[in-house]
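For reference, the chains in residue letters:
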Amino acid sequence: MYHVWDDNPMVKEFWGKFPVGKATAWFFYTHGSPYAHMIHLFKYHGRKKLAFALGQLMASEIKPTRFFEGIDCIVPIPLHKAKERQRGYNQSEWIARGIAADTGLIVINDAVERAMPTITQTRKTAKERFENMKGVFKAKKYNVLKGKHVLLVDDVMTTSATLTACADAIKEVDGIRFSILTLALSSQ
């Protein structure tokens, strides 16, 4: 979606939070839409292969715009270990695997961890979402990300609170640069 815009509103969403080179979402999230239904299927009904396929399709569509040029690796937004055990997988990781299958980029799953569980963001205001995410992520492997241009990947972005909190955990890594890719962009 925004990968073809010169004046990208999604990049602007991160101004003043952390520096972002590129940012885009593949589609707008609208409750009741077929896209919302697909996200619901892979997020809550075990359809991890659907997350992979959507990641691969998104990358295939975006790749001709040169969005992935200069990016070194993909870091999917981690789930807390208890949530991942409950769900059986991390949906952002499966989206990232699909992107990697099309782009050849490597996925780094263990550089950041979700150190604290959080309650759902679904019914929270923007301010509450940012408060809910403070200190949630912890860097595990600084050296792996040193000097890298990292593509943070998540399923849906609403307020940027989750992506910002993840970037905050690793933004002190020497020479790190960020770009953002989500399947969907939602308005609150």
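Residues numbered from 1 in each chain as written. Predicted model: local features only at pLDDT ≥ 70, side-chain atom pairs only at ≥ 80, totals over all residues. Heavy atoms only, no water.

Asker: Quick one: what's the story with the overall build of the protein, residue by residue and with numbers?
Answerer: What the protein contains, in helices and strands, is eight helices and seven strands. Put simply, the protein has 188 residues, and 50% of those count as buried. The long-range share in the protein, meaning contacts at least 24 apart out of those at least 6 apart in sequence, stands at 78%. (Helix = DSSP H or I, 4+ residues; strand = E, 2+ residues; numbered from the N terminus. Buried < 20%, exposed > 50% of the residue type's maximum accessible area, 1.4 Å probe, protein only. Contact = heavy atoms within 4.5 Å.)

Asker: Break down the environment of His-45 for me, citing the residues and quoting the values.
Answerer: In this fold, His-45 is placed in the loop between α2 (34-44) and α3 (48-62). A relative accessible area of 47% places His-45 in the partly exposed class. Counting along the chain gives 42 residues from His-45 to Arg-87, while the straight-line C-alpha distance between them is 8.4 Å. Of the polar contacts made by the side chain of His-45, one reaches the side chain of His-40; its length is 3.5 Å. (Polar contact = N/O pair within 3.5 Å; in protein donor to acceptor, adjacent residues only side chain to side chain.)

Asker: Lay out unusual backbone geometry in plain terms, naming residues and giving numbers.
Answerer: With a phi close to 70 degrees, Arg-66 is a non-glycine residue in the positive phi region. Tracing the chain through its elements places Arg-66 in the loop between α3 and β2 (73-76). The class for Arg-66 is exposed, based on a relative accessible area of 55%. One non-glycine residue with positive phi stands out, namely Ser-160, at about 80 degrees.

Everything listed is a geometric property; what it means functionally is a separate question.
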